Amino acid sequence: MNLVALWQQGDAVSRGVIVVLLCMSVLTWVVIVYKGWLVARARRSVPRSIAAYWQAADATAAWQGVRAHDPLRLVLPLLDGVQGPDVAAQATLEATGSRAARLTRRLREALGSASRQLQWGQIVLATIGSTAPFVGLLGTVWGINHALTGLAGAGALSIDKVAGPVGESLIMTAFGLLVAIPSVMAYNVFGRLIAGVVEQLDGFAHDLLALYGEAA
């Protein structure tokens, strides 16, 4: 009993389910590999960038130090938000608030951009993890119905004739679980690691706000 036999004996619906599950599996592992690289690099670069900033002698040296350790540009937008040109003299709604309010808005935008970059692919993993078992179950139910319908007109039936087609159809459920389990596990692991990186960025943003928010 294997997917090859199920493919040969199945109809268009059964084969379509197999193709969908196969695509889900490939997409899952592509996302896992990419996010593994992304999160691992972020966990190394963010602490180094923050440390380089606080160890610098002045703002210019700090910006250069962060740039050298921040290839993903997760920290640099925070610095651009507090060290960029002020808009206090411009006749815009942005200029109507206090300096602290303006910096808060810029830092919030930078944090949102970094979070979206780190969260890329999480929706894909969550969607595949939650739907793949049901796709596999659909294939199983359809395969069993197709097998029993074909056996109904075969005359005398025995357990051997029924067990083979039904057992092959049950493989679809197992295939769905094999697709879903890595997705769910990766989603949970990456979610926890990303939360740690975002927490570091959020703390750094608060420190920058305290440092620059009251500046003239």
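The model shown is predicted, which means the values in this text are computed figures rather than measured ones.

With 80% of its residues at a pLDDT of 70 or more, the chain has an overall mean of 85. Confidence scores differ between elements of the chain, with helix α1 (residues 3-9) showing the lowest mean pLDDT of 66 and helix α2 (residues 12-54) the highest of 94.

Moving on: the packing of aromatic side chains. Applying the stated criterion across every chain yields a total of 5 aromatic pairs. On the basis of an interplanar angle of 40° and a centroid distance of 5.8 Å, the ring pair of Y34 and W37 is categorised as tilted. Here Y34 pairs with W37, and both are found in helix α2, just 3 residues apart, close to one helical turn. Classification of W37 as partly exposed rests on a relative accessible area of 42%. Relative to W54, the ring of Y53 has its centre 4.9 Å away and its plane inclined at 85°; by these criteria the two rings are edge-to-face. Residue classification places Y53 among the buried positions, given a relative accessible area of 6%. Here a set of aromatic residues connected by ring pairs shows up, and it is made of Y34, W37 and W120. Its guanidinium or amino end placed over the ring of F190, K35 lies 5.8 Å from that ring's centre, counting from NZ or CZ.

The rules behind the values
Residues numbered from 1 in each chain as written. Predicted model: local features only at pLDDT ≥ 70, side-chain atom pairs only at ≥ 80, totals over all residues. Heavy atoms only, no water. pLDDT = per-residue confidence, 0-100. Helix = DSSP H or I, 4+ residues; strand = E, 2+ residues; numbered from the N terminus. Phe/Tyr/Trp six-rings, centres within 6.5 Å; stacked < 30°, edge-to-face > 60°. Buried < 20%, exposed > 50% of the residue type's maximum accessible area, 1.4 Å probe, protein only. Lys NZ or Arg CZ within 6 Å of the ring centre and 35° of its normal.

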